[in-house]
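Geometric and topological summary
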Amino acid sequence: LTIINVHLTSFKLKNEQLDMVENLIDKNIEAYKKDVTDSVLFKLKNAFKRRSISSEILRNYLDSIQGDIIVCGDFNDVDNSWSYHKVKGNDFKDAHSEVGCGPLITYNFNHMWFGIDHILYKGSLRPIKFERGNLLSSDHYSISCTFEINNKLNK
C-alpha cells in the first residue's frame, strides 16, 4: 500500500485580499476593482498554473507505482477542477463520492466554504467509512476514511 499526502499550491491570499473577494461576492465590485486586477487576479492565475504543473508531475509519478494507492490531502481545488481530474484520472475513485454523504466542505475560512481536501484511492481497497472532523482551530476541517483491503479485487 502506497499512501501519498499532498499539498498543492494555494492561492496565498492575505486576509485583506480574502476580504476583497468576500466583498466581491457581496457585489461591491467597484470598491476593489483595481486591487483585484493588480494583486488577487495575479495570485489566482499563478496558483492555477502551479497546481496544473504539480498535478501533471504527481499523475506521472502515480502512473509509475504498482499496487494499492491512496492519494490524500489538500488539493486546494474543488472536485470539478482540472487539477483534481488530472490526478484522479480514470483509475482512481473518490472516497467521499463512494461512501460519504452530502456536500463535502473542508475549507471554512472567511465565509468561503469549499471542498478542497480529498481522498482518492485505487487497487484492492474498498472504503467503508468516510468522516469529516469539526475542529475549529484550523481553516480546514480534517477528513478521514476507513478502508478494507479486498484481495479478491487483485485477482
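Our structure is the block above this text.
Now for a description of the structure that goes with this document. (Residues numbered from 1 in each chain as written. Predicted model: local features only at pLDDT ≥ 70, side-chain atom pairs only at ≥ 80, totals over all residues. Heavy atoms only, no water.)

What follows deals with the pairing of strand 2 (residues 69–74). Burial runs high along strand 2: six of the six residues are buried. Pairing analysis gives six bridges linking strand 1 (residues 2–7) to strand 2, with the strands arranged parallel. Note that in strand 2 the partner of I3 across the bridge is I70. With six bridges connecting them, strand 2 and strand 6 (residues 117–122) associate as antiparallel partners. Within strand 6, the position partnered with I70 by the bridge is Y121. (Buried < 20%, exposed > 50% of the residue type's maximum accessible area, 1.4 Å probe, protein only. Helix = DSSP H or I, 4+ residues; strand = E, 2+ residues; numbered from the N terminus. Pairing = 2+ DSSP bridges.)

With 13 residues, the main nonpolar core has L58, L62, V71, F75, V87 and L120 as its most contacted residues. Contributions of two or more residues to this core are made by strand 1, helix 2 (33–63), strand 2 and helix 3 (82–88). Ranked by size, the runner-up nonpolar core spans ten residues in total, among them A95, L104, L125 and F130. (Core = buried A, V, L, I, M, F, W, Y, C linked by side-chain atoms within 4.5 Å.)

On to the sheet that holds strand 2, then. Pairing in this open sheet of four strands is mixed, and the strands run 1-2-6-3 from one edge to the other. The open sheet has two edge strands with one neighbour each: strand 1 and strand 3 (93–94).

Moving on to the pattern of salt bridges. On inspection of all chains with the given rule, the structure shows six salt bridges. Salt-bridge contacts for R59 lead to D63; the nearest nitrogen and oxygen are separated by 2.6 Å. Here R59 and its partner D63 are both found in helix 2, four residues apart, which amounts to about one turn of the helix. You can call D63 partly exposed: its relative accessible area is 47%. When the shortest N-O distance is used, the salt bridge between R126 and E148 registers 2.7 Å. Highlighted residues: R126 in strand 7 (residues 125–132) and E148 in strand 8 (residues 143–149), separated in sequence by 22 residues. Assessed through its relative accessible area of 40%, R126 is described here as partly exposed. Taking the relative accessible area as the measure of exposure, E148 reaches 31% and is therefore partly exposed. One continuous salt-bridge network, built from bridges that share partners, spans R59, D63, D91 and K122. (Salt bridge = Lys/Arg side-chain N within 4 Å of Asp/Glu carboxyl O.)

Most of the time, phi is negative for any residue but glycine, and the peptide bond is trans. The backbone of N76 sits at a positive phi, close to 55°, despite the residue not being glycine. Along the chain, N76 falls in the loop between strand 2 and helix 3. Look at N76 and you get buried, because its relative accessible area is 10%.

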